[in-house]
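# Coordinate analysis (summary)
If you want the building blocks of each chain, they are given just below.
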2 protein chains.
Amino acid sequence: MPATKRASRRSKPAPSRPSKDKKSTAQKKRFVFSFGDGRAEGGGAMKELLGGKGAGLAEMCRLGLPVPSGFTISTEVCTYFYANGRRYPSDLKRQVELAMARMEKEAGKRFGDSQNPLLLSVRSGARVSMPGMMDTVLNLGLNDTTVEGLAVASNNPRFAWDAYRRFVHMYADVVLGLKGARTESFDPFAQALEDAKQERGVTQDTDLDENDLKALVAKYKAIVRERCGREFPDSPEDQLWGAIGAVFESWNTERAVVYRQLNHFPGHWGTAVNVMAMVFGNLGATSATGVCFTRDPSTGAKEFYGEFLMNAQGEDVVAGIRTPLPIAELVHELPKAFKELGRVQKLLEKHNRDMQDLEFTIERGKLYMLQCRSGKRTGFAAVKIATDMVREKLITREEAIRRVQPEALNQLLQPIFDFAEQKAAREAGRVLTKGLNAGPGAACGHIVFDAETAEHWAATQKEAVILVRIETSPEDIRGMSAASGILTARGGMTSHAALVARQMGKVCVAGAGALEIDYVAKTMKVGSTCLKEGDWLSLDGSTGEVIGGKLATQPSEVMAALFHGDAKAKKGGTYRAFRDLLEWADAVRTLGVRANADQPDQAHVARTFGAAGIGLCRTEHMFFEGSKIDAMREMILAESKAERERALAKLLPLQRADFDGIFEEMAGFPVTIRSLDPPLHEFLPHEEEQIQALAKDMKVPAARLHAKIEQLKELNPMLGHRGCRLGITYPEITAMQARAIFEAACDVALRTKKKPIPEIMIPLVATEKELALQAQIVRDTATAVFAEKKVTIPYLVGTMIELPRAALIAEDIARTAEFFSFGTNDLTQTTYGISRDDGSKFIPQYIEHEIFARDPFAALDREGVGRLMRIACTEGKKSRPGIKLGICGEHGGDPSSIEFCNEIGLNYVSCSPLRVPIARLAAAQAALSAKK
Amino acid sequence: MPATKRASRRSKPAPSRPSKDKKSTAQKKRFVFSFGDGRAEGGGAMKELLGGKGAGLAEMCRLGLPVPSGFTISTEVCTYFYANGRRYPSDLKRQVELAMARMEKEAGKRFGDSQNPLLLSVRSGARVSMPGMMDTVLNLGLNDTTVEGLAVASNNPRFAWDAYRRFVHMYADVVLGLKGARTESFDPFAQALEDAKQERGVTQDTDLDENDLKALVAKYKAIVRERCGREFPDSPEDQLWGAIGAVFESWNTERAVVYRQLNHFPGHWGTAVNVMAMVFGNLGATSATGVCFTRDPSTGAKEFYGEFLMNAQGEDVVAGIRTPLPIAELVHELPKAFKELGRVQKLLEKHNRDMQDLEFTIERGKLYMLQCRSGKRTGFAAVKIATDMVREKLITREEAIRRVQPEALNQLLQPIFDFAEQKAAREAGRVLTKGLNAGPGAACGHIVFDAETAEHWAATQKEAVILVRIETSPEDIRGMSAASGILTARGGMTSHAALVARQMGKVCVAGAGALEIDYVAKTMKVGSTCLKEGDWLSLDGSTGEVIGGKLATQPSEVMAALFHGDAKAKKGGTYRAFRDLLEWADAVRTLGVRANADQPDQAHVARTFGAAGIGLCRTEHMFFEGSKIDAMREMILAESKAERERALAKLLPLQRADFDGIFEEMAGFPVTIRSLDPPLHEFLPHEEEQIQALAKDMKVPAARLHAKIEQLKELNPMLGHRGCRLGITYPEITAMQARAIFEAACDVALRTKKKPIPEIMIPLVATEKELALQAQIVRDTATAVFAEKKVTIPYLVGTMIELPRAALIAEDIARTAEFFSFGTNDLTQTTYGISRDDGSKFIPQYIEHEIFARDPFAALDREGVGRLMRIACTEGKKSRPGIKLGICGEHGGDPSSIEFCNEIGLNYVSCSPLRVPIARLAAAQAALSAKK
């Protein structure tokens, strides 16, 4: 790399100097992959090694598309970097030098050259795009010597010095870390620029001339000297290695780590570094830069979509500083380049068979592609695009199923604004302004102006908040995640706010330029209207409307079609896409999907969403209503079996009525009913005032209530007298519940001529004998009721596997149990020894320290809890080969857990009614992964 | 069985009539084993099938000893009986008839014969002798016809009618269940007898003549008619099958079940039934009956020991109604029979190679042996006999080791009365009376007169009680178990009280005839002294002294020899037997024994008892003393890392001093130290008054304390923020503890020139990463301290396996852990999902229902918890083949659990210091079982 040497003789040895490297095999490994001029060492399939960006660039080169030459340093270097005390593999320097030489040859320019210098962009690039990581350093390679060469070669000294100014600012911010060090409210570089403009009496950056910019560069460097305590690096080689190091360091910034946690990516993936020859969108009126999508990432509509800025550099678009023009306008500015872009985007979508997110720059009329990757999209767009592409025969149904993240379906169920109210608000002039419809849906909440407040209010006040920012940055991620909606004054459809909001499924209106936001006063003004922190605001992310005050919501198209028989909604594109996708999913999946439902209305929702049964009906939830809790309390206070039986006799008809409704709703489908589970003290009050009131109501002395409460008190109620242990102590409770179930089942069978299929589930079993004793009561009761009612109902008796011991002795238990249902909430609690109620004190820390990849209560722990489940399945089948296996813990609605359930051969998962569509899709994806 | 048919034509078909028996193989099986006249179908090794009694009888016959002929119905019939709705195998009746025919032939008498009737005794006989089961029905076969035959054949009508009277009473009580139905205070049979004596103006039973007895039989039958609503069965065959059924039924009486629970025998063992020809010890002045032991069952002294009654039936001795004479007196009464008995007892001990418990009857000068089994004995006797027999070359050392129940060693450590105090009490005339020294040791407690009160007071008042009874019966077992000592007014060394007390290891003085006990007034009188319920009483079970008031205790011989350098004690027989047995055990065992000790004094006890290290040193126990808890509270209240480190700096020297003492005591042995484990709220007060006081002491506002207490509150602290989770949140705590350990270890090494071996144990690990993070802190601290102190100490870092997940992922954890120590308390809690603190509400019920064979917190659950342990051992060795494995839960001191630990290949067990001898013996037994 002679150019470098020439420009910087004083440079320190590069950080890649040979070191005592234990891994000598690393010497021969390829860490650097070149691309450019119609060929590439990498390719589109190499995302793990090259990152998404690197793989996309390589693939575009292979397709012969116009890509500036460059190279990618693989993610393995990142992994090595962290595993070896932040050192590089010893061969890296040599490989980078070779790749640089190749670039210089192709570009016909030399890095650090004083005549015609090659400038570089350096970007991070993980497997998936990740906010919080170092984005880009542009114009790298400039110093006081090379800037003159650029001025001559571009024949545009102002452009050269502007590039130099931008470079020093950018490099200081992201590589030298000044951005992290300075406060939000004061940016010394911005201040210097402002000062310069004021001095010259101009308002626009573009009004500053070459000499102004020269002075500004000097001032910027002085800022660096003062703040960093050292000179800005002059040597291009130092600049390059500094930028590479900064990319790797940025992999572990707090923001990046938070993002990975939110999205469940592991830290060991690492990032690649992409080094590319600069092309310039800011070389005058025939230059431009932009970002586009092959389809609309908000709605999924099949329209070429995007935006651009004339005479600008790429980061201007993404950073949201200037609001760009819609892509269609480009035809008027640069028709030839626009036509070429149109051809390229079609080719890329077809080639990659997915909606693409593209970055481009037009340098003096010539189009260059800077990035190509599958585009992020809203849940709406994901479903729409996937089903559209099947109809277009671009992808198969199976691919469509794989493309949509199950969680994304949630968005389609969220409410939208009530049409009438919204119309009224419009007519009343409550629409303050309109921004870009960057994240669809309806959101309504209290205005907050910073991420911390958003997080804090959402956590402590449990109230919806709308985060209002001039623009967002990666520091705001936690706040964005906590907010219900995001509103920005600046930035386009591809700004940070828009990208992140869409990925999070948040409602977002971006680039609402009419807003005047004052962070200090905590106000936002639109014309004469001024709203302050805490005021209500409504955002329509589908229309871009910003509406003052609260606005009522109404069901989404999917909900309207499913639950309100809305004929128009049923013809809507979103509903049809949703319906089709789930139908295809049903055809593929082998895992059944049931719902956890305790009441007839919940059962109705579950059925409408396609649940094929109830996997968990908690009988105790029924006891908390009205007169039921009175009878329950009487039962608890009973001092003899006879008294208890009298109280239970009062509960019987109430329970029977509950089951009646559920059986009718679920006619022909199995309904798994769990016998009483929670400790009895949960049914008694604990505040003195309530105790006194109850004593009065029940006409018993308060002292007796106190004594009972004291007697039932437990140090660790989770591990106490609950579950089947209650049924063992009070067999008459189990008998009453069984009677209520069978009487209701017989009644429904006689009334509707459809036989319900009750599956009675005994909780918290740790030994076969417990189950056997309880099962006997259930079976004896069934026999008695069938004889009384003169009808027989098919039923099963089984157990929850929710204690490690139950899993371990499953062979014994399956002798009595006709089915197992994994109660993974409790199983996770006991396997880890972590109470769900108390774990919140340290689980967040555990995730930060990467002790937990995810909260084990949200995503099933395959190594521990999962291993017990495997043991239970294997052992259970030894004594009962055809045993029915299901899961009814919260994990039954989590896609990754569903995949595991499919893998170990469960028959069904059961989840909350609203998650049934997610489970159906996840089950289909699981079936497809299993096929692979 | 023609005799039967003759006597009872009207008899119902016997209960063994052929039934729809599914098990047709049962038809051919032998259920009945005959014996008598020098031959037997069974033998001494068949205890499981024939019960202890049946096997002993068969074996005596094979040895040619004089045993009345008879047969045993096997325990399999009992098992069949309960598995088949209380029916018998269909072939049983035929087999019983064949055996009866054989007996009749040998006896030259016929069952039910009107001339010379064969009478029978029917007894239960399980594998081990068991109070609570039906003991004996004697003289079976008598009715109004056969009694006349007996009168003629015996030439003693009074004897015949007395036998008939006894039979009706006994049969009504135990077979017809009248004993269970009547109250303690009123026995209609006793009343009738009393009335008869009064009517005749006599005081002794023996003063009643033939006609009185005839009238009494009629009266007894009338009582039966009235109370049972049916006639007393006249048919001998009915009588026989009734008695057989009663034996089987008695297997599941509450008393029998309680006894099994106390002694951990399973219900499925079942009992056998022994039917034997009657011989009569009550045929006049040349007849007698007695019970004897080949050695003293209290002390183990090699002396023929026992007692007898002239002209009596066997049950008179055992029931304790008449106080019998010492066996040595028999030489004066019946010298020939005594000589024969001496020969027989020697032969049987030698043949069976163990101390024997014998029952005999002398009928008109001829000796008959009625029972032979290994004798129950106290812990003292067990150790003494076992070691003596080794010296006598009767058994090997291995047999001696197997003979002694490890728990029995406990008795040898219990205190005895202070010699001086006891002497003073004697001189002061406080010795109220002297009874039989039936259970050695010293006991002091509050007098109670019934078992229920004993149980209740012991449970609720936590105070020692002395159970004082005229005589005890199986109903009293729970109360005897709860009492510290037992005193009876009647009964000998082989009475119920004496037998049960010895087996339970309770102090017992039996047959203190001078006592006048009044159950109603709740008083006991000796001469003019009257003590009432609640008064203090002291019992010396070794001398038989009953002493009024409290008496101080002093160490036992073993304790005196070990801990007080008492030269006399060191020469004592008990100490020497104890020492020898444990030395032999040490030579056999492969499992190491360590102790759980938190303080130097505990470590000293452990070492003295032979612990080879500390398996668990809990650092938090140290924090509860004096100024340590202040510093600890300061640490907890700290609001920043800096504040916390200041408080920890105060704790450091205090902790170091603790470890210093322990390391010095344990020089050269490993000391496993667990880092902080309990949740922090345990260190803060919870009562308002204490909170106020602490706030004042610490000079902080009470509100701040309240806030902290509230913040630390947990719903399920057992599953909360504790164990290594604290060390993850506050790494500085772990660092301080590690520093204290290593500084102390270095100091001790420099001072004593013996290097301690610390093993640092991280608790509650569920993931490898937790351990890795904590281990890193420990290792970094070690390196730093070694450099400062200029000395290096060998140490290990390991973890407790106390969560199911840790066991399941042991392969991962062992990559970091150098040892595993099973924390089976917590592991049992989480595997079962039962909190130790709350489980007491239902565990007793679970044991009653036989859901649990034993409390899983006392005896390791092999199927569940044990399976996890096996998994952990296997998986751990995959990644670290030489990993050190131990156990430090309470189970480490339980013999059955120790056997399991040996089986799965642990390196050591760790238990409380006082249980170290028990663990050493249990470990040796485990090694011997494994060899088999």
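Above: the structure in question.
Structural notes, computed from the coordinates. Once a new chain begins, its residue numbering starts again from 1 and follows that chain's sequence as written. Note on labels: chains are lettered from A, ligands numbered from 1, in written order. Only residues with pLDDT of at least 70 are given local features in this predicted model, and only at 80 or more are side-chain atom pairs given and counted; all residues enter the totals for whole chains, interfaces and linings. Hydrogens and water molecules were not included; the side-chain quantities draw on all heavy atoms of the structure.

### Thoughts on the overall build of chain A
Selection rule: The numbering of helices and of strands both runs from the N terminus, where a helix is a DSSP run of H or I of at least 4 residues and a strand a run of E of at least 2. Note that the radius of gyration is over C-alpha atoms, with the globule rule given as 2.2 Å times the number of residues to the power 0.38. Only protein chains enter the accessibility calculation, which uses a 1.4 Å probe; a residue whose area is less than 20% of its type maximum is buried, one above 50% is exposed, and one in between is partly exposed. Contacts are assigned to residue pairs with any non-hydrogen atoms lying within 4.5 Å of each other. Per-residue and other accessible areas follow the Shrake-Rupley method at a 1.4 Å probe size, with only the shown protein chains counted as cover for residues. As used throughout, the charge tally considers Lys and Arg to be positive and Asp and Glu to be negative, leaving His and the chain termini uncounted. Where a charge lies is defined by one atom per residue type, namely NZ (Lys), CZ (Arg), CG (Asp) and CD (Glu).
Scanning chain A from N- to C-terminus turns up 40 helices and 34 strands. Taken against the 2.2 N^0.38 rule, which gives 30 Å for 932 residues, the C-alpha radius of gyration of chain A at 32 Å falls within 12% of a compact globule. Overall size of chain A, expressed as C-alpha extent along the three principal axes, is 100 × 70 × 55 Å. Here chain A holds 932 residues, and the buried ones make up 59% of them. Sequence-distant contacts, at least 24 apart, represent 70% of the contacts inside chain A between residues at least 6 apart. Counting every atom, chain A has about 36,100 Å² of accessible surface; 51% of that belongs to carbon and sulfur. Counting 124 positive and 118 negative side-chain charges, chain A places the centres of these two groups 5 Å from one another.

### Thoughts on unusual backbone geometry
For A:N155, which is not glycine, the phi dihedral falls at a positive 55°. Assignment of secondary structure puts A:N155 in the loop between helix 5 (146-154) and helix 6 (157-174). The backbone phi angle of B:R353 is positive, close to 55°, even though this residue is not glycine.

### What to know about the interface of chain A and chain B
To be explicit about the condition: Here's the idea: put two parts together, see how much 1.4 Å probe accessible area each one loses, and the total over both is what we call buried area. A side-chain nitrogen of Lys or Arg and a carboxyl oxygen of Asp or Glu constitute a salt bridge if their distance falls within 4 Å. Under the rule applied, a polar contact is a pair of N or O atoms within 3.5 Å (in protein, one hydrogen donor and one hydrogen acceptor; residues adjacent in sequence only if both atoms are side-chain atoms). Gly is placed with the polar residues, together with every amino acid not listed as nonpolar (Ala, Val, Leu, Ile, Met, Phe, Trp, Tyr, Cys and Pro) or charged (Asp, Glu, Lys and Arg).
Each side of the interface is counted separately: chain A has 49 residues, and chain B has 49 residues. Summed over both sides, the interface between chain A and chain B buries roughly 4,300 Å², with carbon and sulfur atoms accounting for 57% of that surface. Applying the counting rule to chain A against chain B returns 6 salt bridges. Residue B:E863 pairs with A:R805 through a salt bridge whose shortest N-O separation is 3.9 Å. For the interface between chain A and chain B, the tally reads 32 residue pairs in polar contact (both at pLDDT 80 or more). The class makeup of the residues in the side of chain A that touches chain B is 21 nonpolar, 14 polar and 14 charged.

### Quick word on the relation of the copies chain A and chain B
Both copies of the chain are related by a screw-like operation: a rotation about an axis and a shift along it. Which entries qualify depends on this criterion: Superposition of the copies used a least-squares fit over C-alpha atoms from residues whose pLDDT is at least 70 in both.
Under the fitted operation, chain A is carried onto chain B by 0.2 Å of movement along the axis and a turn of 180°, and the coordinates agree to an RMSD of 0.2 Å. Between the two chains, the operation in question is that of a two-fold axis.

### Regarding the pattern of salt bridges
Counting across every chain of the model gives 135 salt bridges over all chains. Among the ionic pairs, A:R644 bridges to A:E732, the shortest N-O distance being 2.6 Å. In this pair, A:R644 is assigned in helix 27 (residues 641-665) and A:E732 in helix 31 (residues 731-752), connecting sequence segments 88 residues apart. As far as the burial class goes, A:R644 and A:E732 line up, both buried. Its salt-bridge partner being B:R854, residue B:D894 comes within 3.4 Å of it at the nearest N-O pair. A residue pair is termed long-range when its members are at least 10 positions apart, and B:D894 in the loop between strand 33 (884-887) and helix 39 (895-903) and B:R854 in the loop between helix 37 (843-848) and helix 38 (865-879) qualify at 40 residues. B:D894 sits in the buried class, given a relative accessible area of 7%. What emerges from the salt-bridge pattern is a single network uniting A:E620, A:R674, A:D677, A:R722 and A:D826.

From the geometry alone we can't say anything about function, so treat these as descriptive.
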